[in-house]
Every structure is written in structure tokens, then in C-alpha cells.
Amino acid sequence: MWVKPSVVLATGLWSTDRANPYFVLQRRRGHDERRSGLMSLFVSTMDSVLDNKTNHYRILHVRPDFDVNYLIAEAGKKEEIEEHWKWIEENLMPKLSEIDVPHDITDFVQWKIKSLCTQADNEEIEDFESDKFKDATKKFYNIFNMPADEKLVIYYSCSFWRGRVPRQGVLYLSVNYLCFYSNLLGKDITLVVKFTDIISIDRVHAFVSEAIRVRTRLYEHDFGMFRKIEETYHIMEQIANFAAKKLLSQKGAFQEEIFFPAVTKKTAPKIISQLKRDLDAKSRSEAYRYRFRLPLNERLDGEIECHLWTPYNRTSVSGKLYISSNFICFTSKNYHQVNLIIPFRETLLVEKRRDDSKVSDINIPSALYITMKERGEIFIFSHFTDRPFIHNKLSDLLTQYVESTISTNGIPDITISPPLYLQFNSNYTDEQRAFEKIRETDWHAHFLTYGRGSTMYRTNDLYDLLFQGIPDSLRNELWLIFSGAIYDKAANKDVYRRCVYESSSDKTAQDVINDEIERDLHRALPDQNAYQSKPGIDALRRLLRAYACYNTDVGYCQAMNIVGGVFLLYMNEEDAFWTLAALCERLLPDYYNTKVVGALIDQGVFNHYCKEYLPDLYDKLKNLGIAACISLSWFLTLFICVIPLESALYVIDIFFYDGIKVLFQLALTILNENRQDLLDSEDDGDAISVLTKYLEKLSDTKNTKDENKIIHLIKKSYAQYNGINEEDINRLRLKHRLKVIQNMGESLLQSAAKNTLRYTKFDEQQIKNIFYVFKDVSRISLTEANDPRKLAYETYKINRNEYLILCKYLSPWFIGKQPEDLANKLFDLFCLSTAPDQIDFIHFIRLWSILWNEDFQKKLVILFLAHLENKNVREDGFNLVFEPIPVRSPSIISENRSIDLITSTKEQQLPSFKIENSEVTHLKPSRLPLMNQVEFIHLCKSMYSLMTGADNDETLFKALTTSSTVLLQMGEMCKPYRLVEVDNSSDDTWTISFEQVEPALNVETCLVQWFDNNNTNTSSLEKRIHNYHQDILR
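Going by the annotation in an unreviewed UniProt entry, the name recorded for the protein chain is Rab-GAP TBC domain-containing protein, with Adineta steineri given as the source organism.

Below, the structure written as C-alpha cells:
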């Protein structure tokens, strides 16, 4: 790039590549040299060790009469600096020859270069990144050959441990890749790891310092000697977490997120990359949403320290104010002393108040007053460092806030079912009614002191009420508030009506899901009267169908009928709908899908806590084989299925308020309460029996012993395990999310290998390696692929362009001048008839097995068929030679992989090539369609292209010419006989049969040998897969 002219010294660190009377192009020693001397090795080593960011090429302006050099251009790539040199020769040199005064020449060059720099600066739009980071980005693209859309996040100087020898270099972290580069004593080390391939990221103690260990499916890498290892580790976790979530998402897994926080010169100093700031902002927004139970689309705008005036005790509490586009939130410095959520939807005014306030403990000059619409409540914040800025920010956001509306034209009104307990749970005893009355009184007294609704002051006093349980009459209101569902409901008016209407149509896109829902309706809470009657079943049906219509990514999953059924008992239909949405999408993310991924992740987190707090018990349960599954049903159903419903309600009450930590605490307490009995268990049956008996005895009645009261158990869980917090849980979720991804990936590889092994001559590991590449190119999320109703090879499909990428790297036949032509013909032959532009894994692996493992005859069959240009004729050929037979269950597929050979003249069987409509097909002993002269010429061209570059290509070309000449003459001779064979045909067309082509080519021994052995003359399949991972994945 052009740089503003500056004086530089001539040193021995640079060598001259080109020169003219006024300019010199120099290259830094030790870079891009064919032969490296001692000086070059010294310079390159020092550049690598010292993390020198100097570009490898530069152009100097020189004057013969003056011993001063001016730097005018520099670049990291030879091509870029040569473009600048060419521009100088074409545009500057002719003009300089017309100037006689040397001083004027220098002035002209400086003026021209400065104008070029100014023009380049004007072309840069919203560029907030430092020059140092820009240089690192250029190196990143050049060294690793990265595409332009790959974004570098940050880079660090560090060492890469190879055995006991550290190699100093630079670690580059981009959105999708972890890369390392080192140049030491003239030797380069380049490493590229995809974040979605990472199994774990751990901090370990290496030989001389702490290091970060990155493990993948096949390798383990250690990086150390960081200046800021804590920051590096955190960023690596951030990016790995982002990649893992993207891979696990239901659909659209690989679509880039469209939102990034706006960056301004005031808020974003030129220190690090903008993307690094974006990822930090994304992490802060996630923590913000989780802490205050806010919708998934809410983005944190900023935070500032301030004080909140709390009228219930007339004091000022220090903490932080969080601002986003739809909410103002406050949390105290002391954990749970007070939290406050103020939606802009309910806000009337943000103002500065005059100094006549009667509140004595408020710092009036820096106070802001927020007035609400309905009850006229006023919230007072003070002690701002920049009140005018915050006031203007809040006023602007309030002015810009617009409530979303959805058209409901044509959608009939529906009757919203009230809470079902009002109709079906009328058998309360006098004691229960009295207890409900006491709880209602306590809660109403709390409302009078701390406020009611979404803007109540949430303090530690709430725990005393939650431990006693929420009265039935208030559960609808408080579950909606504490879960955050109230915000989704307010932002999506009439969405439930629309979803009910669309899901109730006779024919919908979710008929299969509706059938599953129908089967599970009567399994939900069978002991509840509400679900033994039509009104309750109808309400549950509407709820589950509407949610499956609303969130098609999640759809319907078992256990949703259970939790949805409980919600309907104490909430009206619409509120239950939004509470179910909050549970599935925010409170228990990824729990409710075909593989309950979120539950598996949290199961790993629970095992970690169990190992930490109850190590002896964890070892015992692990030895019994139940440590990995004991908590799955507990968390998935919020304990509803394992303890009496009346007791489970207490768990749900406090779960909505405090989140997932409640489930971890309670599960650990249950295990601890039964610790000795579990340690004495002889097998898994004994352990499960101990837990089942204990859980069944948990009750909420007064005459129950304290140790069997659910209230006592919940309080004990807070006393013993309150150290568990959201931040630690989310950190552990990342660690176990990577493990779950690995387990799911290995399961897919195993399934693909098991179900395709008998159809190929590849071994199991080769199939796994090929499928690993195939699924990566197909870019389908793991949760979408792990559908128990489908086999792995049925889910993963690739299109033509993705197939050509794999051909380029993995096919032994991707050779010659136009290799894409033959690759496309083979794609047309093996693609799915139901989706002409797609090929699934079973077709792909069979094609690859033929290319890599089969003999001359098999390869000639697919070459012959692939060159039949007419689609209908080609399909007729398949129908003639492929006979469908029923597919056996994958679980009973034989391990026998013997594949019978075939010749066109004997009744033998070809290997299975194709699956149509769930049927495996085999080649029948029938002749193939006839080939016309044009198609035959194209076949000969393809074979000629395949043999180009072979060691004995002249011999092969001669043999091919001889055979094709004979076949062309044979076609001419057979014309009369073809007319007899084809009824009602008067077309004197040249044609030839496969039975003629095969023996003619079979005569030429060198052709047969080449087809049999052509894959041995190229790189091995394993090497090709390795090259693919190091090249095309970037």
C-alpha cells in the first residue's frame, strides 16, 4: 500500500530486487528467497521471535545527488508491491524524465504519493481498527490463504509446543478458525484448526509455564508463553461457544448473525478489531438477557454505575444501570439485594427533577426520574458520572420505541381457556383453603411494599415468600413475570390467535408433528381430572400445536406435553403458551429437540458439580453406570414426573425466579440426603429404588416430617449449594457443549459406517473419514442430522457445487484439462431422482468406492452410463440394470461386504449403486442402452483426458485410438442390424452397445491395467482428506 513519504535508513536487512534512477524495490532478507544465507536466516528468525510486523517488500524513492531515501510504498505480498512498481514505471517515470531540477523531482514524487494516500484514506469507510491490526489481518489472509469473508478476531504472540521444543510465532483467532504461524531458522510451521472440530479447550501446566491445550478429534495442540493467558483463554472460549451454538442450532445453522452493535469513534477506540468488540458485546448481551429474563432479540446498549432510590426502606442502593432498546434494568452490587426491570413499553417520561425534591438522600444534581404510565410510579436513579448523556440516551430510546403490531385480518376469535384448576380442582380441604388464604395475604402485603407487576422491586425478601410457594390464584401472574414471558406476550399481541388458527387447519405442513402430539395428549398428567375431560385435552392440544407452528425449529418434543399440562392447570392458554416458549427458548435452551441436546449438556454440568461436591458418591454412581443419566428426567420435566405434583409446583415457583441453578442445587441435595443408602447400593436397581422411594415421599403437607418436606429440601439446597451461580454454569456449559458435539459427531460417523459398510470396499475408518468431510460440506446442523427417524446418510445431502469441491480434492478421476465435465456426468448418474441437484451419502460413497476400489469392468459401466446424454435414456438404463430389493433394518444389516463381480456377457451381479424410494437396488444381468456416435466420441474424450499425464500416456493414447477406431468401424457395420433390432425405425443412426465396447477395450492390456491401478498412481485417499482439511475448509 502507498504510505506517506518518510525518511528511512539503508541497512543490510534489505536486499534490492529492482532499481531505476529514482526508485528501488527492496525485499526483506529471509523472506521469499530460494537460497538463504546466514544473514537471511538471522533476520527471519529475529522477525519471528520478536513478532516483528514489518512488511516483506518496500519501495524507496532515491536521488543520485542526495544520500536520503524516502519510503513511499510497502506490502506483505510480492504481487501487491509489483503492481505499485508497475504504476510508477507507467505513470511517474515518463513525467520525471521531463523535470530537470532534482529537488523538484522529490517534491513532485512526495506530492503525488501523498495524494494517493489521501485517496486511499477516503475510500475507507467506518474503519476503526488500528494500523497494527490491519497489518496482522493482511498477514492472516496471505499466510493461510483465507477467503475475504473470513474475519480475524484477534491475534497473540505465543509459543507452539512440538514435543518439548517451543516454536515462537503468532496465534490468529478468526470467526471459524484457530491458526498458528511460525518462521524459525527459515522453517515455517502452519497450523489451521476449525473451531467446530475442537473437543475441549483447557488451561494446563506445561514444561515452563501455563499453556492452553486444544484437543480435536485426531490431534492435541499446546500453546504457551502468552502475555495475557486469561484474556486469550476467554476469547477462545467465546469463539468456540459461538461456533458450537451455530453447529447445534436447529435450522439455518450457518447463517451469519445480521446484528452487530453500532461502533462510533467515541465508544470504540482504535485498539483492537471491531469483530472482537462485537463478540464481547454479544457475550455481555447474553449475560444481560439471562440475568433479567429478557427476549432473545434484546441487545445491551450500555451500562453505567449509579444508585437506585428504594422507597420501601428509604435508602439509596449502589449498583449498575443497564440500557437496551426496550428495557432499563438495575442490579445492586450486593447479590440479589435489589433488581429492577423497567420496560419502555410501560414508561411515560424520563426527566431531570427540580431541586425541590423531598427525598433527602438523593444526589439531586445527578438524579433522573422515570415515570410509569399506568400507576404513575416514579423510579429515581442518581450518582451518574454523566447525567446529560444518560438522560439524552434514555429520552431518545423512549422516543424511538414503537410497539409492534401483527395483522389479524381473517383470523377468527378464539375462546381462551382459563386456568384449569378453577374448574377441576375444587376438592380443596378447609386446611388447604386456609393455607392458600395466608399465602395470598402475605403476597399482597409484599406487593404493597415493593410494587406489583413487571416493575416490582425484586429483593431478598422474595425468597421467604417463594420458599412457602406461590398461591394458586397468583401463579398465572407471577410465573409470567418471573419467567420473562410477559415481555414476549406484550411484544407479540395476537400471535397466539394466529398460531392456533394456522395449526388447526385440516392440512398443515406439520401433520406428522400433530400426530405425535395426539398420541401424547392422554399421557400428560393422567392422574389429573383436567386431562381426563374434553376441555382440558382440547386446551392442551391447542397449546402444543400452536407452539409447534410458532417455533418450527423446535416443533414438538416429548416432555413438552407434561410441562405444558402443568402450565395450563394454573395459567390461561395464551399465558401458558408464552411461558412454554420462554422455557424452551431461554430458560432451558436446546432441551426440547429430537436429541435433548441442552439436557445432555446440563447433565455433564451436573456430573461436574456432583464430582466436585460429592466425589465419593459420584464415583459410586459412575461405577453403577447411572451417573450419566440420573438427572436427565429430573431436569427435562422440572421434577414433575419424579415427585408429587404439589411438591413439584414449589420447584417450578422458584425455578422461574432463580433459573437453572435451582435444579442443580436441588438435585445435589437429593443425592446428599440419600448419600449413605446410595453408597451401600449393590447395583443400579438398588440405587434407583432408593431415589424413587425418597422422591415419592416428598410432600408439602404439615403432618409430613421436615426431612420429607419439599420446602425443607429447597431451603437446604440454598444453604448447602448457593455457591452455584449462572456464570459458572454457562462456563461449564461451554466445556460440555463441545463434548456433546463430539459425542453426537462420533455417533453420526459410527452410524454412517455401520449402514454403508456392506455396500463398499472401504474399511470402517475410511468411511468415517469420508463421511466427516461429506457432512462438513453439507453444512447441516447436528441437531437436524440426529433425527432418530432417519439414517445419517438419508439426512446429509450435497448439491452439485459442493460435490465438485469434494471431487477436486478426493476423486482420483479429477484430472485432465476439463475434469469438471466428467465429474458432472457422474453426478447426473448418481444424483437422487427425487432431487436432481442433490446426492446423498449412500450414492456418494458407492461412487467413490467404484473410483477407488473397483476394477476395469465396474468403472467402464459407470463411464458408459454417464455418457448417455438423454436423461430419459439414462434413467431407462438404470431401470434395466438395477433391480430393487427391500431394505432391511439398519440394526440387522449384515456385516458381509462381499461384492460379486460382473461382466456384460455373463449373468453376474454388480455392486449396489442406488437407493430409490427406500429400496436398495442391484444391477440385473441385462444389456445397457445403445450409445450414439456423439456420445461415444465424448466417452473417448473423457478417457483420453483421464489418461493425460500418466507415465505411459503415449502407449495408452495409442491403445485408445486403436480401440476407438475399431469401434467406430463396428458401429458403421452394425447399422443395418440395428434397424432390424429397432421396430418401426427408419433412422440410419450410428450406435454401439456396451457388449461391443467392453471386449474392444479389454483387448488392450495397458488400458485395463490403467483403469485397475489408476488410483495407485495418485495421492492416497488419506492424504487427500488431509489436504482438504488444511486447504478447502479455510
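Now that the structure is up, let's keep going.
Go over the pattern of salt bridges, please, and point to the residues and values.
For the structure shown, the criterion picks out 36 salt bridges. Note that Asp488 and Arg586 form a salt bridge whose closest N and O atoms lie 2.7 Å from each other. Residue Asp488 is found in helix H12 (residues 485-491), and its partner Arg586 is found in helix H17 (residues 573-587); the two are separated by 98 residues along the sequence. Across this residue pair, the class does not change: Asp488 and Arg586 are buried.

Give a description of the nonpolar core that names residues and reports values.
Core analysis: the biggest nonpolar cluster contains 129 residues, and Phe482, Tyr592, Trp634 and Leu671 have the highest contact counts within it. Looking at this core, the element that brings in the most residues is helix H21 (residues 645-658), giving 10 residues. Once residues within four sequence positions are removed from consideration, Trp634 is found in contact with Phe639, Val642, Ala667, Ile670, Leu671, Leu691 and Leu695. Counting residues in each nonpolar core, the second largest holds 78 residues, with Trp813, Ala823, Phe827 and Ala950 among its members.

Any details on the pairing of strand S19 (residues 378-382)? Residues and values, ideally.
In terms of burial, S19 is a largely internal element, four of the five residues being buried. Bridging between strand S13 (residues 300-310) and S19 involves two bridges; their strand directions are antiparallel. Along S19, the bridge assignment pairs Leu308 with Phe381. Hairpin remark: strand S18 (residues 368-372) followed by S19, antiparallel, with five residues in the connecting loop; positive phi at Gly376, about 70 degrees.

Before we move on, can you summarise the sheet that holds strand S2 (residues 14-19) with the specific residues and values?
Taken together, the five strands give an open sheet; going across it, the order is S1-S5-S4-S3-S2, and neighbouring strands pair in antiparallel fashion. Only two strands of the sheet have a single partner each, and these edge strands are strand S1 (2-8) and S2. If you compare each strand with its neighbour and ignore which way they point, the axes differ by 30 degrees on average. In the sheet, strand S3 (residues 23-28) pairs with strand S4 (residues 57-63) via five bridges, with the strands oriented antiparallel. Within S4, the position partnered with Val24 by the bridge is Leu60. Sheet strands touched by helix H2 (residues 78-96): S1, S2, S3, S4 and strand S5 (66-75). Its angle to S3, the strand with the most contacts, is close to 170 degrees.

Describe the sheet that holds strand S20 (residues 458-459), naming the residues involved and giving the relevant values.
Strand order in the open sheet formed by eight strands is S17-S18-S19-S13-S14-S15-S16-S20, with antiparallel pairing between adjacent strands. Of all the strands in the sheet, just strand S17 (347-351) and S20 have a single pairing partner and so form its edges. Summarising the sheet, S13 and strand S14 (residues 315-324) pair through 10 bridges and their orientation is antiparallel. Across the sheet, the residue bridging to Trp309 is Ser316, located in S14.

Residue-level account of the packing of aromatic side chains, with values.
A complete count under the given rule lists 58 aromatic pairs for this structure. Ring geometry for Tyr944 and Phe957: centres 4.2 Å apart, planes at 25 degrees, overall stacked. One end of the pair, Tyr944, is in helix H35 (residues 933-947); the other, Phe957, is in helix H36 (residues 953-973), with 13 residues separating them in the sequence. For Phe957, a relative accessible area of 17% corresponds to the buried category. Put simply, the rings of Phe771, Phe774, Tyr796, Tyr803, Phe827, Phe841, Phe844 and Trp848 touch in pairs and so form one group of aromatic residues. Directly above the aromatic system of Trp14 lies the positively charged group of Arg58, at a separation of 4.2 Å from the ring centroid. Sitting over the face of the ring of Tyr233, Arg203 holds its NZ or CZ atom 5.8 Å from the ring centroid.

Outline the state of the cysteines, supporting the account with residue identities and numerical values.
Using the criterion set out here, one finds zero disulfides in the structure. Counting only cysteine sulfurs, Cys557 is the nearest neighbor of Cys584, a cysteine outside any disulfide, at a range of 8.4 Å.

The rules behind the values
- Residues numbered from 1 in each chain as written.
- Predicted model: local features only at pLDDT ≥ 70, side-chain atom pairs only at ≥ 80, totals over all residues.
- Heavy atoms only, no water.
- Salt bridge = Lys/Arg side-chain N within 4 Å of Asp/Glu carboxyl O.
- Helix = DSSP H or I, 4+ residues; strand = E, 2+ residues; numbered from the N terminus.
- Buried < 20%, exposed > 50% of the residue type's maximum accessible area, 1.4 Å probe, protein only.
- Core = buried A, V, L, I, M, F, W, Y, C linked by side-chain atoms within 4.5 Å.
- Contact = heavy atoms within 4.5 Å.
- Pairing = 2+ DSSP bridges.
- Axes fitted to C-alpha atoms, helices over the stretch in contact; angles between N-to-C directions.
- Phe/Tyr/Trp six-rings, centres within 6.5 Å; stacked < 30°, edge-to-face > 60°.
- Lys NZ or Arg CZ within 6 Å of the ring centre and 35° of its normal.
- Disulfide = S-S within 2.5 Å.

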